[in-house]
Amino acid sequence: MTWAEPSSTATALLLLGRGTDPDTEKGVECPGDLPAPSDPDLVERARAAKAALGDRVFVLGHHYQRDEVIQFADVTGDSFKLAREAAARPDAEYIVFCGVHFMAESADILTTDRQKVVLPDLAAGCSMADMAVLAQVEKAWERFTELGIAGDVVPVTYMNSSADIKGFVGRNDGVVCTSSNAETALRWSFEQGSRVFFLPDQHLGRNTAVLKLGLELSDCVLYDPHKPGGGLTDEQLRDAKMILWRGHCSVHGRFSLDAVEDVRARVPGVNVLVHPECRNEVVTAADYVGSTEYIIRVIDDAPAGSAWAVGTELNLVRRLALAHPDKQIMFLERNVCYCSTMNRIDLPHLVWALEELVAGRVPNQITVDPSTAHYARVALDRMLALP
């Protein structure tokens, strides 16, 4: 199958990080002289800078990154795999993380004090992680305490959260989870208490609880930090088994049941494969559901000639389609669905970061304060100890 590239509309280019929106991107100008995207020597400059740094630098590339960046990654993977890979390279002085802010924070938590973690563009954040602010989460916990249920609530945070939230979970005897081990983390949590407070992705929490643990949708309530008391009554909180934070992935949340029904009507025998960050009705209608690594593995193992509609970030779907020309691989939605913040890291930013390191300057270093890092590490280590 020939991959059909989405049209280069103004919106698509903005999502790709090739446009700017001054009204929403104030204060994110890159310090220093950023190379022009049109510079024909960018690839060679990146190669030269990386070669000059040698083993002193280790470049990590998340699966959702553009190909122009991925080509320079020493390791590709999901957020937790990359953080662990960074921790496994204690001799690398610099960790250049081509991902988003919370991922770089996790790398800083798991690496040594001597190592410096660099995020090529500080505008590369995560809308989901930003939906859970520590002050709001602490206010919710105060509500649980006033109701007398906090002692029986186990906080669980998705890897896609800030270091502050991981630290909160660590301080309150909770655990971090990934999309791969969310079921295991929830089963462990329900052995510790009768309720789970799941942050920040409501869909992963709901889908895991209902599809993997057999809970009912009615067992899950949604805590909205923008409503008084989270928008929930005392009775709702006392009766709930899953207290879900009102957060979601701006990419995976776009996939719809209509898209699933549409692709089934258009492509006979198509297999629908989606990420568990998608909405419950999408996950329920899909044939296969799993993490980014799971999606890659399923496509790799699929027989030649099979057809797949994949509900995850477009850069990865495109890369899978190009890597498997013997299979019909398509994007589940008809519209562009890049991770806009992930795509802020482009080749000019990577070149700039590498050349700054060659010059002896450390740009955009990501650091987590010692106390937060300690308790976040507690929550991460608790996850690593799960069976």
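Residues numbered from 1 in each chain as written. Predicted model: local features only at pLDDT ≥ 70, side-chain atom pairs only at ≥ 80, totals over all residues. Heavy atoms only, no water.

**With respect to the pairing of strand 8 (residues 220–223)**
(1) Moving on: Pairing geometry for strand 8 and strand 9 (residues 242–245), over 4 bridges, is parallel. Within strand 9, the residue paired with Leu 222 across the bridge is Leu 244.
(2) Moving on: The parallel pair strand 8 and strand 9, bridged by helix 11 (residues 234–239), forms a crossover whose chirality is right-handed. (Pairing = 2+ DSSP bridges. Helix = DSSP H or I, 4+ residues; strand = E, 2+ residues; numbered from the N terminus. Right-handed = clockwise from strand over helix to strand, strands pointing away.)

**Notes on unusual backbone geometry**
(1) Moving on: With omega at -25°, the peptide bond leading from Leu 199 into Pro 200 counts as cis.
(2) Moving on: Tracing the chain through its elements places Pro 200 in the loop between strand 7 (195–199) and helix 10 (202–212).
(3) Moving on: At Asp 173, a residue that is not glycine, the phi angle is positive and equals roughly 65°.
(4) Moving on: You can see Asp 173 is positioned in the loop between helix 8 (163–171) and strand 6 (175–177).

**Describing the packing of helix 4 (residues 79–87) against helix 5 (residues 101–110)**
(1) Moving on: Packing of helix 4 against helix 5 leaves a shortest axis separation of 8 Å and a crossing angle of 35°. In this structure, helix 4 meets helix 5 at a crossing whose hand is right-handed. Of the residues in helix 5, those in contact with Ser 79, Phe 80, Ala 83, Arg 84, Ala 86 and Ala 87 of helix 4 are Phe 102, Met 103, Ser 106, Ala 107 and Leu 110.
(2) Moving on: Tallied by class, residues from the contact of helix 4 with helix 5 come to 8 nonpolar, 2 polar and 1 charged. (Axes fitted to C-alpha atoms, helices over the stretch in contact; angles between N-to-C directions. Left-handed = near helix turned anticlockwise from the far one by under 90°. Contact = heavy atoms within 4.5 Å. Nonpolar A, V, L, I, M, F, W, Y, C, P; charged D, E, K, R; others polar.)

**Focus on the nonpolar core**
(1) Moving on: One finds Val 96, Phe 144, Phe 197, Phe 198, Met 242 and Leu 332 to be the most contacted residues of the largest nonpolar core, which totals 131 residues.
(2) Moving on: In this structure, Phe 198 is in contact with Val 156, Cys 177, Leu 186, Leu 204, Gly 205, Met 242, Ile 243, Leu 244 and Trp 245, ignoring residues within four places of it in sequence. (Core = buried A, V, L, I, M, F, W, Y, C linked by side-chain atoms within 4.5 Å. Buried < 20%, exposed > 50% of the residue type's maximum accessible area, 1.4 Å probe, protein only.)

**A short note on the sheet that holds strand 3 (residues 94–98)**
(1) Moving on: The parallel open sheet is built from 4 strands, whose spatial order is 2-1-3-4. In this open sheet, the two strands that pair with only one neighbour each are strand 2 (75–77) and strand 4 (116–118). The mean inter-strand angle of the sheet, taken between neighbouring strand axes irrespective of direction, is 25°.
(2) Moving on: Pairing analysis gives 5 bridges linking strand 1 (residues 57–62) to strand 3, with the strands arranged parallel. What sits directly across from Gly 61, in strand 3, is Cys 98.

**Quick look at the pattern of salt bridges**
(1) Moving on: Across all of its chains, the model carries 16 salt bridges by this definition.
(2) Moving on: Here Arg 246 ties to Asp 224 by a salt bridge, and the two come within 3.7 Å at their closest N and O atoms. Here Asp 224 lies in the loop between strand 8 and helix 11 and Arg 246 lies in the loop between strand 9 and helix 12 (257–266), a separation of 22 residues in the sequence.
(3) Moving on: Here Arg 266 ties to Asp 262 by a salt bridge, and the two come within 2.8 Å at their closest N and O atoms. Placement of the pair is Arg 266 and Asp 262 together in helix 12, with a separation of 4 residues, close to one helical turn. (Salt bridge = Lys/Arg side-chain N within 4 Å of Asp/Glu carboxyl O.)

**A short note on the sheet that holds strand 11 (residues 288–289)**
(1) Moving on: Sheet architecture is open: 4 strands sit in the order 11-10-12-13, paired in parallel fashion. One side of each edge strand has no neighbouring strand; the edge strands of this open sheet are strand 11 and strand 13 (328–331).
(2) Moving on: Sheet topology note: the strand 10 (residues 271–274)/strand 11 ladder contains 2 bridges and is parallel. Counterpart to Leu 273 in the pairing with strand 11 is Tyr 288.

**Considering the confidence of the model for the chain**
Where the model shows low pLDDT, its predicted coordinates should not be examined in detail.
(1) Moving on: Averaged over every residue, the pLDDT of the chain is 90; the share at 70 or more is 91%.
(2) Moving on: Note that pLDDT drops below 50 for residues 5–30; the model gives that stretch 34 contacts with residues more than four away or on any other chain. (pLDDT = per-residue confidence, 0-100.)

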